[in-house]
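The residues making up each chain are set out below.
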Amino acid sequence: MRRHQLAQMLLIGVIASIIGIAVALSINWFPVQGSSQARKVDDLYDVLLIASVPVFVLVEVVVLYSVWKFRMRPGEELKDGPPIHGNTALEIIWTAIPAMMIFGLVTYAYIVLRDIEEKPGREMTVQVTGQQFAWSYQYKEPGKPTVNTDVLYIPKGESVRFNIRSTDVIHDFWVPAFRMKSDAVPGITTHYRITPVRKGSYAVVCAELCGLGHSTMRSTVHVVDPSTFRGWLAQKQAAKPAGAATS
Ligand SMILES: [Cu+2]
């Protein structure tokens, strides 16, 4: 292969990568950022795009360029390529560069994970229960009757820990706007925490195929002002006879 062909391939690869990254970053992949965790997850996704688009583009350019420039032409049916018995320098390079990229990305992803799972000074806990085919939420406060509801209310700006359980099969508690999700597994309690940063109503969906009604297993989370939330919870608690706890 001549030097200018290599240079041509590299030039096409670089230009296509720049276009590919620009296109990938211009696409609005996710819903609104409803939690403080969402921005960090989205940043991670952007970094992954910037790192992986050139890899994909470069491989495609080598394949397509070879099909274009080095394809078999009429009369070359019996021609064989040059006998190559390996290239140590090349093999070291194509092992070392991906290894370094993966190590860098894994380290960054781990730092983001630690960050978004970090326990805050104060947090409230909501019990989330999945069952075929509905979500329900339980609020337990010491000395108050347990509130059981099928609509989730949480206060804006306060860290909320979801303790997630299932009464039958495996479900998955997912609020796309919060970017966090976890399986609801019978017999164990899983959890994650988020800090909602934006008032509004967001979809809650089940992200684990759990039976015929899986697609209808939806509910809504309302992020409201802390004072509105306290008022809502107090009203719910007062509506129940003292001491009555539902499942
Ligand atoms: Cu489900």
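You'll find the structure just up there.
Since we're looking at a predicted model, the values are computed, not measured.

Visitor: Where do I start with the packing of aromatic side chains in this structure?
Guide: Aromatic ring pairs are defined here through the distance separating the ring centres and the angle between the ring planes. Taken as a whole, this structure holds 14 aromatic pairs when the rule is applied. Each residue in the set Trp135, Tyr137, Phe162, Phe173 and Tyr192 is aromatic and connected to the rest through ring pairs, giving one cluster. The lysine or arginine in question, lysine 181, covers the ring of tryptophan 174, its NZ or CZ lying 5.2 Å from the ring centre.

Visitor: I keep staring at the side chain of arginine 193 and nothing clicks. Help me out?
Guide: Turning to its location among the elements, arginine 193 is positioned in strand S8 (residues 190–194). Taking relative accessible area as the criterion, arginine 193 reaches 8% and is therefore assigned buried. There is a polar contact of 2.8 Å between the side chain of arginine 193 and the backbone oxygen of glutamate 117. Reaching out from arginine 193, the side chain makes a polar contact with the side chain of glutamate 123 at a distance of 2.7 Å. The residues contacting arginine 193, other than those within four sequence positions of it, are Gln37, Ile116, Glu117, Glu118, Lys119, Pro120, Glu123, Ser159, Val160, Arg161 and Met180.

Visitor: Before we go on, may I ask you to explain the coordination of the copper ion in this structure?
Guide: As a benchmark, a tetrahedral metal site with four donors has ideal angles of 109.5 degrees, while an octahedral site with six donors has ideal angles of 90 or 180 degrees. Protein-derived ligands of the copper ion are His171 (ND1), Cys206 (SG), Cys210 (SG) and Met217 (SD), with the metal-ligand distances lying across 2.0 to 2.5 Å. Around the copper ion, the four donor atoms are arranged such that angles at the metal cover 91 to 123°; this shape is classified as tetrahedral. Taken in sequence order, the residues that donate to the copper ion follow the motif H-x34-C-x3-C-x6-M. Of this pair, cysteine 206 sits in strand S9 (residues 200–206) while methionine 217 sits in the loop between S9 and strand S10 (218–224), and the two are 11 residues apart along the sequence. For cysteine 206, a relative accessible area of 8% corresponds to the buried category. The exposure class of methionine 217 is buried, given its relative accessible area of 0%.

Visitor: What is the right way to read helix H2 (residues 36–69) from this model?
Guide: Owing to its 3.6 residues per turn, the α-helix brings residues three or four apart onto one side. Look at H2: 50 Å from first C-alpha to last across 34 residues, which is about the 50 Å you get at 1.5 Å a residue. When we look at burial in H2, the residues that qualify are Gln37, Ala38, Asp42, Leu44, Leu49, Ala51, Val53, Val57, Val61 and Tyr65. Of the surrounding elements, those touching the buried residues of H2 are helix H1 (3–26), helix H3 (88–117), strand S7 (180–184) and S8.

Visitor: Honestly, unusual backbone geometry in this entry has me stumped. Any pointers?
Guide: Excluding glycine, residues mostly have negative phi values, and the peptide bonds linking residues are mostly trans. Each neighbour pair has its own omega, and for glutamine 132 with phenylalanine 133 the value is -5°, a cis peptide bond. Relative to the elements of secondary structure, phenylalanine 133 occurs in the loop between strand S1 (124–131) and strand S2 (134–139). Of note in this structure, arginine 179 is not a glycine but carries a positive phi near 70°. Positionally, arginine 179 belongs in the loop between strand S6 (171–175) and S7. A residue is classified by how much of its surface remains accessible, and arginine 179, at 12% relative accessible area, is buried.

Visitor: I would appreciate a short explanation of the packing of H1 against H2 in the present structure.
Guide: When two helices pack together, their arrangement is given by the angle between the helix axes and by the axis-to-axis distance. Contact geometry of H1 with H2 gives a least axis separation of 8 Å together with a crossing angle of 140°. Viewed along their axes, H1 and H2 adopt a mutual orientation that is oblique. For the pair H1 and H2, the crossing hand works out as right-handed. Contacts between H1 and H2 involve Gln5, Gln8, Met9, Ile12, Gly13, Ala16, Ser17, Gly20, Ile21, Ala24 and Leu25 on the former and, on the latter, Asp46, Leu49, Ile50, Val53, Pro54, Val57, Leu58, Val61, Val62, Tyr65 and Lys69. Looking at the contact of H1 with H2 residue by residue, the class counts come to 15 nonpolar, five polar and two charged.

Visitor: It is not clear to me how the nonpolar core should be interpreted in this structure. Could you clarify?
Guide: Nonpolar side chains in soluble globular proteins tend to end up buried together. In this structure, Tyr137, Tyr139, Leu152, Ile154, Phe162 and Phe173 are the most contacted members of the largest nonpolar core, which totals 34 residues. Once you skip the residues sitting within four places of it in the chain, phenylalanine 162 turns out to touch Val126, Val128, Leu152, Ile154, Phe173, Thr190, His191, Tyr192 and Ile194. Counting residues in hydrophobic clusters, the runner-up holds eight residues, among them Met9, Ala24, Val57 and Val61.

Visitor: Where do I start with the pattern of salt bridges in this structure?
Guide: Pairing is possible between side chains of opposite charge, provided their charged atoms come close. One pass over the full model with this rule turns up eight salt bridges. The residue glutamate 123 makes a salt bridge to arginine 193 at a minimum N-O spacing of 2.7 Å. Residue glutamate 123 is found in the loop between H3 and S1, and its partner arginine 193 is found in strand S8; the two are separated by 70 residues along the sequence. Using a relative accessible area of 25% as the deciding quantity, one classes glutamate 123 as partly exposed.

Scoring rules and cut-offs
Residues numbered from 1 in each chain as written. Predicted model: local features only at pLDDT ≥ 70, side-chain atom pairs only at ≥ 80, totals over all residues. Heavy atoms only, no water. Phe/Tyr/Trp six-rings, centres within 6.5 Å; stacked < 30°, edge-to-face > 60°. Lys NZ or Arg CZ within 6 Å of the ring centre and 35° of its normal. Helix = DSSP H or I, 4+ residues; strand = E, 2+ residues; numbered from the N terminus. Buried < 20%, exposed > 50% of the residue type's maximum accessible area, 1.4 Å probe, protein only. Polar contact = N/O pair within 3.5 Å; in protein donor to acceptor, adjacent residues only side chain to side chain. Contact = heavy atoms within 4.5 Å. Donors = N, O, S within 2.8 Å, 3.2 Å for Na, K, Ca; no water. Tetrahedral: all angles 85-135°; square planar, octahedral: opposite > 155°, others 65-115°. Expected span 1.5 Å × (residues − 1). Axes fitted to C-alpha atoms, helices over the stretch in contact; angles between N-to-C directions. Parallel < 35°, antiparallel > 145°, perpendicular 65-115°, else oblique. Left-handed = near helix turned anticlockwise from the far one by under 90°. Nonpolar A, V, L, I, M, F, W, Y, C, P; charged D, E, K, R; others polar. Core = buried A, V, L, I, M, F, W, Y, C linked by side-chain atoms within 4.5 Å. Salt bridge = Lys/Arg side-chain N within 4 Å of Asp/Glu carboxyl O.

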